[in-house]
Structures are given as C-alpha cells and as structure tokens.
Amino acid sequence: MKLNRRLFIGTGAAAAATLAAPTVFAAGHGKPRVVVVGGGAGGATAARYIAKDSKGEIDVTLIEPTRMYYTCFFSNLYLGGVKEIDDLGHSYGGLAAGGVNVVHDWATGVDRDARTVALAGGGSVPYDKLILSPGIDFVDGAVEGWDLSAQNAMPHAYKGGSQTELLKAQLAAMPEGGTFAMVAPPNPYRCPPGPYERVSMVAHFLKANNPTAKIIVADPKPKFSKMALFQEGWAEHYEGMIDWIGDDFGGGNVAVDPDAMTVSIDGEVTKVDVCNVIPAMKAGRIAELAGVTDGNWAPVNAADMSTKADADIYVLGDASQQGDMPKSGFSANSQAKVCANAVRGALTGSKVFPAKFSNTCWSLIDTNDGVKVGATYEATDEKIAKVDGFISATGESAEVRKATYEESEGWYAGITADMFG
C-alpha cells in the first residue's frame, strides 16, 4: 500500500457517509449551524470539510481551547530524537481562512433541549448539529497510586504538547545507567502515540545518550498489536535493554508511588528514574456531560457517526464506540469525512455517499525501521466492521522498512494538510 500526500487527500475526500433518509434543514434562523468541539484529527477535519464543501451554506464553529495543536502521532519520534517539537505543532489559521469560526475556549456543557454548547468563558453557542471529537480522558483509579495530580512526576504524555515535552526532558535528565518504567494501558487505548513505538523510541534515545540505561514495561495485556514485529526489533536494535512484563508475569498487578518514584509489579518494588504511566482511558469529558456516553465511550451509528443517544450529536475518533476501528488519528480523520458528508447532506440536501473507512498505523522501531498495520472498513447496522487488513512481516528487508517509514512521513504531511488546510 503506497500512500502519499496527494493520494491521501484525494481518496479520503471520497470516503463519505450514507443516511437512510437524509432530512433537509428547515430554515428559520438563517444558515444551519454546526458546532464542532475538539480540534484534533476528527474535529478539525470535520469542520474544514463541512465549511469547504458547503461553500458557505453552513455556519461552522470549532471550539478548541489551545491555539496550537500538537499531534500525538509522531510524538514518539520527538521522544526518540527523530523530530523536534515544532515539527508537531499546527495552528488553526488555515481553518479560519477557510471559513471556520474558531473559538479558543473550553466547552463545559451541552444543553440538548436548547441545542447550545456552554463555554468556560461565559455564554453559549447554538447548534443544529453538534460534532464532538474530544479525544480521551483517564479512568479514575486505573493505576493504583496515580491520578492527574501526579502527572508532572509521572507523566502520561498521551495528550500532545507540554506532557510530551516533560517526558522528553525527564528522559534527557536520567542518570547514567538509570531506569525508565512504563505502565502500559489496557485495551482499548489511543494509538498513536502507541506504547510500544514509545518503548522503541525511548530505547533509541537512550542507546545514543545513555546506553547502560534499562527499560521496564509493566503491561496488563498478554499480547499487543504488532507484538512479533516489536519484539524482533527490540532484539535486533536494543538487546538486553527492554524488559517487557506481561499479564502472565504480574504486569497487570501494578502500583506506583510518585513521591518515592517507585513502581510495584506483582509486589516487587523497584526504584525508577522516569515513569511513564498510561492509565485506562475513556471518552473526553464533554461527551459524558452531553449525555451520549454508555460506560467509558460514546456508542455511535456506523453510517454517519451519530450517537445512539441523540441523532443530532455525532462523536468522532477516540471518544466513540464504533466497532472494529482502532483509536487512531487516521481513524478519526476517516470518520470525520464520513460524518461531514452526512451532516452536510442532512442540512442542505446535498448528495450523501456510502460510508467507507480506512486506517493505517505506522510505528518506527529504529532509524528507517518502520512497520505498519491497517485495514479497510464498512458500515453495517451493528458497527463499523473490518473488511480486510494487512500488516508488515517479520524479517523484511531494510529497503522495505525504510520505504514504510518514508510512507509514514508522506501520510503525516497529508493528514495535517487535510486537517488544517
């Protein structure tokens, strides 16, 4: 699968949704209004496509607290010294220039009866259709001894920007021969930044800067995505540096002490120098406040990403419970195009195309040693269902692995252009 920027944008634009009976907006207050909460791969893409394709017929407002968006995808490469933090930052100027009203504020509540979104700064924004793409928050008590008050001592680095920079600074300050520990998350989790690519990139950085350091991974899962590929790469590039402890060996029985900087794995306490705690995840808080979650996630209809709880509220990306797609930036971008087409059709009567989805997740193990996994999907009555898939093979040549990494670079350029214009 060869993917470049032009192909990504071109094929992605055709991936749109189908509605059984699209309803046309009944004018009563001027243009129909779409509010999008969350300016990541899902929200930014949906806002841009609705504004662009409606040619001004729909009023689009994006609510996003940060003025600069730092991608979680490729953030592991920053930890590994392959990228700089500025390579990951993107502004919202292109969206504003494309007709999106960008509001930098926190969405603090949703009144579904009044169809308004409350803002932390005061006031509210009315909507006819509401798209939520808030990413993830963490499940309270998921890791014994850790909560958000400990994120400076033991960062999660699972939201791009300052947390990523903090973890990188802690890595750089590790003493010679020190210990880096990761508490890996249970399924399902946001990826990227995948935990196992992160282990690889931390090892890449330490091999160059602190070669006697050790890495411990406590994992509540008995196996993980691309496991054979990662373990092959760790053995080849980082022999003796990484100790992965799965559930069979107590990886799920973990507690941390941020004050003492210790990690307890199945009762054995280890002093560590850096600890990356990645807790169990749930939908971003605004989805819960909107009343569209059931448990940790927001169930959606596969054909258009509308929620089961409210047909006029849609949830994209990590926060959604949609079926077989992973919680990735590629997935969120793919879902956003389906949703944008469906919303535009519902509000203006424009053509709505059958829903098709795709995803690829790349991981970098060492310099030019890239691997990938991906699939295509379709909408069924029950869920987004996997149609077919692919994965890198163990033992691939250096040329193939380099080409895979270069493919990921093309994808990054493509998706960020697709999101922000």
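The structure this text deals with has already been given above.
Residues numbered from 1 in each chain as written. Predicted model: local features only at pLDDT ≥ 70, side-chain atom pairs only at ≥ 80, totals over all residues. Heavy atoms only, no water.

Undergrad: Tell me what's going on with the packing of helix α6 (residues 195-209) against helix α7 (residues 227-237), and back it up with residues and numbers.
TA: It is at 11 Å that the axes of α6 and α7 come closest, and there the two elements cross at 10°. As summarised for this structure, α6 and α7 are arranged roughly parallel, according to the angle between their axes. Contacts between α6 and α7 involve Y196, E197, V199, S200 and K207 from the first element and F230, W234 and H237 from the second. Looking at side-chain class alone, the contact of α6 with α7 contains four nonpolar, two polar and two charged residues. (Axes fitted to C-alpha atoms, helices over the stretch in contact; angles between N-to-C directions. Helix = DSSP H or I, 4+ residues; strand = E, 2+ residues; numbered from the N terminus. Parallel < 35°, antiparallel > 145°, perpendicular 65-115°, else oblique. Contact = heavy atoms within 4.5 Å. Nonpolar A, V, L, I, M, F, W, Y, C, P; charged D, E, K, R; others polar.)

Undergrad: Provide a residue-level description of α6, including the pertinent values.
TA: An ideal rise of 1.5 Å per residue puts 21 Å on 15 residues; α6 measures up with 21 Å between its terminal C-alpha atoms. The buried fraction of α6 is high, at 12 of 15 residues. If you check which residues of α6 are buried, you get P195, Y196, E197, R198, V199, S200, M201, V202, A203, H204, F205 and L206. (Expected span 1.5 Å × (residues − 1). Buried < 20%, exposed > 50% of the residue type's maximum accessible area, 1.4 Å probe, protein only.)

Undergrad: Report on the packing of helix α2 (residues 43-54) against helix α9 (residues 329-348), specifying residues and quantitative values.
TA: The description of two helices packed together rests on the angle between their axes and the distance between the axes. Viewed as axis vectors pointing N to C, α2 and α9 meet at an angle of 40°, and their least axial separation amounts to 8 Å. When you trace α2 past α9, the crossing you get is right-handed. When α2 is examined against α9, the residues T45, A46, Y49, I50, D53 and S54 are found in contact with a partner set consisting of N333, A336, K337, A340, V343 and R344. Grouping the amino acids of the contact of α2 with α9 by side-chain chemistry returns six nonpolar, three polar and three charged. (Left-handed = near helix turned anticlockwise from the far one by under 90°.)

Undergrad: Give a detailed account of the side chain of K221, specifying residues and quantitative values.
TA: In this structure, K221 sits in the loop between β12 (214-218) and α7. Within the structure, K221 has its side chain in polar contact with the side chain of Y196 (distance 2.8 Å). Within the structure, K221 has its side chain in polar contact with the side chain of D219 (distance 2.9 Å). Leaving out residues up to four positions away in the same chain, K221 has contacts with A184, P185, P186, N187, Y189, Y196, W244, G246 and D247. (Polar contact = N/O pair within 3.5 Å; in protein donor to acceptor, adjacent residues only side chain to side chain.)

Undergrad: Describe the sheet that holds strand β13 (residues 242-245), naming the residues involved and giving the relevant values.
TA: Working definition: the strands of a sheet are paired by backbone hydrogen bonds and lie parallel or antiparallel to each other. Here we have four strands laid out as an open sheet, ordered β13-β12-β11-β17, and parallel in their pairing. Edge positions in the open sheet fall to β13 and β17 (274-277), since each of these has one partner strand only. Taken pair by pair, the neighbouring strands of this sheet meet at an average axis angle of 15°, ignoring direction. In this structure, β12 lies alongside β13, joined through four bridges in parallel fashion. Within β13, the position partnered with A218 by the bridge is I245. Here helix α5 (residues 162-172) sits on the sheet in contact with β11 (179-183) and β17, set at roughly 155° to β17. (Pairing = 2+ DSSP bridges.)

Undergrad: Explain the sheet that holds strand β22 (residues 356-366) residue by residue, including any values.
TA: In space, the three strands of this open sheet follow the order β22-β23-β24, with antiparallel pairing throughout. If you trace the sheet from one side to the other, it starts and ends with β22 and β24 (384-391), each paired once. Here the average twist between neighbouring strands, direction ignored, is 20°. Pairing of β22 with strand β23 (residues 369-379), which is carried by 10 bridges, proceeds in the antiparallel orientation. Along β23, the bridge assignment pairs W362 with K372.

Keep in mind that these numbers describe shape and distance, not what the molecule does.
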